[in-house]
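Architecture at a glance
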Number of protein chains: 2
Amino acid sequence: MKLGSGVEWSIHCLALLGALPPGRSLRLEKLAEFHNLKVAYLRKHFQALSKAGLVATVTGPQGGYRLGRSSDKISLLDIYIALEGDDHCFRCTEIRQDGPCANPALDKPSYSIPCNIAVSMWKAEDAWRKELAKVSIADVLGATAKQVSSEKMERMAQWLTEALA
Amino acid sequence: MKLGSGVEWSIHCLALLGALPPGRSLRLEKLAEFHNLKVAYLRKHFQALSKAGLVATVTGPQGGYRLGRSSDKISLLDIYIALEGDDHCFRCTEIRQDGPCANPALDKPSYSIPCNIAVSMWKAEDAWRKELAKVSIADVLGATAKQVSSEKMERMAQWLTEALA
DNA sequence: GGCAAATTACTCGGATAGGACATGTCCGAGTTCGGCAGG
DNA sequence: CCTGCCGAACTCGGACATGTCCTATCCGAGTAATTTGCC
């Protein structure tokens, strides 16, 4: 169970977008430059983010991306779902209903109850999702602000100013 | 983030092994037959389970697999780790240390603190793992016994007797 | 000088190759059981 | 009849193809700013 690199990239990029002055947008090229990421590949991920409404696009010159809604309304779970889908990571194929001992017709009452193995797996997955849902881009920004030196904050502000120019 | 089919297969198979009479083992072919699974592919998964010590092998005629330790000492997490490795599903590549605004030398104090994004992701993963660690093969067996009809339990016992003969 | 339309330049979106991992399959190494010969 | 040895059969383990999804890239569609010509 591995998460694609798009999740990490997107969280960082959305955090940067969250730090933008209200109403402003940032080009993808600049977004990639800030984190030294592959532009073309990052673009692909932003297609998904755009479809999910997490980012809004501004087309044409001076265009770019901005957050689709306020940073405290975008959770890490939202980002994950936008990029990797909302399917369960554990897929129950109901193999209990197969094999020489199973009889779907006869055992139907039992099979109307979900497979207890799947239930346990899904319960764990729910715990995971709940944790992710707790954390928003605003939270990420707040935490980052606390742990980053004021010098770097200054450098970032400077860079942003030039990028938006 | 998708789990391989081996996880589902293995849990079901280990549950079956847990239902074996003490000291007995079951051939892989029979294990696959019980759930109507591809024998050759299931074999591959059992190699991993064997390496992790979750199952013990009995070679030669009348050989097969049995649980490596008591069913209440084998958790779903153990199975997952054995099959898919114990790496974090979220991989932090420390992209915060890259880019025009980052200065690894100058910002070293900040970078000694883990990236807060990674922390949030890992926290969620820990919640997931904790849930999986709670559930053992013995628990699965207990839950199954509760929800399966006595007729099917009888059929299974019958089949097992023949398979062990 | 002001205004409007065509042009230009710039941005994102989707279609398109390449590579890594999960999936699926097969044959060889090792061990136990059964048979057989000898005592 | 018992014992020891030998052969054969059976089991798992690892090496080998295949498919699918993530990774990576490029070119076209659409839009806003700019320029230019006209009033």
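Keep in mind that this is a model prediction, so the values were computed, not measured.

The next point concerns the pairing of strand β2 (residues 64-67) of chain B. Residues and elements named next belong to chain B. Of the pairings in the sheet, the one linking strand β1 (residues 55-58) to β2 comprises four bridges and is antiparallel in character. Bridge pairing in β2 links V58 to G64. Taking the residues that link successive antiparallel strands as the turn, the β1-β2 hairpin has five residues, and the phi of G60 there is positive, at about 75 degrees.

The subject of this paragraph is the protein's contact with DNA strand C. In the vicinity of DNA strand C there are 21 residues, among which R27(A), R43(A), Q47(A), Y65(A) and Y41(B) approach most closely. Atoms of DNA strand C within 4 Å of the protein belong to the sugar or the phosphate in 60% of instances, the rest to bases. At 3.2 Å, a side-chain N or O of S50(A) approaches a phosphate oxygen of DNA strand C. Those elements giving two or more residues to the surface near DNA strand C turn out to be α3 (39-51) and β2 (64-67) of chain A together with α3 (39-51) of chain B. It is α3(A) that contributes the most residues to the surface near DNA strand C, five residues altogether. Of the residues contributing to the surface near DNA strand C, the split by class is six nonpolar, nine polar and six charged.

Once that is clear, we can look at the nonpolar core. Side chains that are nonpolar tend, in soluble globular proteins, to be buried together. Judged by nonpolar contacts, the single largest core of 96 residues is most densely connected at L14(A), F46(A), L14(B) and F46(B). Discounting residues that sit within four places of it in the chain, F46(A) has contacts with C13(A), L14(A), L17(A), L28(A), L31(A), V55(A) and Y65(A).

Moving on to the pattern of salt bridges. Taken as a whole, this structure holds 14 salt bridges over all chains when the rule is applied. A salt bridge links E33(A) to K30(A), with the shortest nitrogen-to-oxygen separation between them at 3.3 Å. Of this pair, E33(A) and K30(A) are both found in helix α2 (residues 28-35), three residues apart, which corresponds to roughly one turn of the helix. A salt bridge links R96(B) to E94(B); the shortest N-O distance between them is 2.7 Å. Classification of R96(B) by relative accessible area gives buried; the value is 13%. Taking relative accessible area as the criterion, E94(B) reaches 26% and is therefore assigned partly exposed.

Both copies of the chain are related by a screw-like operation: a rotation about an axis and a shift along it. Expressed as a screw operation, the relation of chain A to chain B combines 0.0 Å of axial shift with a rotation of 180 degrees, fitting to an RMSD of 0.1 Å. Such a turn and shift between the copies fits a two-fold axis. Most of the interface of chain A is mirrored in chain B: 100% of its interface residues are interface residues there too.

Before going further, it helps to examine the protein's contact with DNA strand D. Near DNA strand D lie 21 residues; those nearest to it are A40(A), Y41(A), R27(B), Q47(B) and Y65(B). Protein-adjacent atoms of DNA strand D, using a 4 Å cutoff, are sugar or phosphate at a proportion of 61%. One of the side-chain N or O atoms of T59(A) is found 3.4 Å from a sugar or linking oxygen in DNA strand D. One nitrogen or oxygen atom from the main chain of G60(B) is found 3.2 Å from a sugar or linking oxygen belonging to DNA strand D. When residues of the surface near DNA strand D are traced back to their parent elements, those giving at least two are α3 of chain A together with α3 and β2 of chain B. Taken together, the residues that form the surface near DNA strand D break down as six nonpolar, nine polar and six charged.

Rules used in this analysis
- Residues numbered from 1 in each chain as written.
- Chains lettered and ligands numbered in written order.
- Predicted model: local features only at pLDDT ≥ 70, side-chain atom pairs only at ≥ 80, totals over all residues.
- Heavy atoms only, no water.
- Pairing = 2+ DSSP bridges.
- Helix = DSSP H or I, 4+ residues; strand = E, 2+ residues; numbered from the N terminus.
- Near = heavy atom within 4 Å.
- Polar contact = N/O pair within 3.5 Å; in protein donor to acceptor, adjacent residues only side chain to side chain.
- Nonpolar A, V, L, I, M, F, W, Y, C, P; charged D, E, K, R; others polar.
- Core = buried A, V, L, I, M, F, W, Y, C linked by side-chain atoms within 4.5 Å.
- Buried < 20%, exposed > 50% of the residue type's maximum accessible area, 1.4 Å probe, protein only.
- Contact = heavy atoms within 4.5 Å.
- Salt bridge = Lys/Arg side-chain N within 4 Å of Asp/Glu carboxyl O.
- Least-squares fit on C-alpha atoms with pLDDT ≥ 70 in both.

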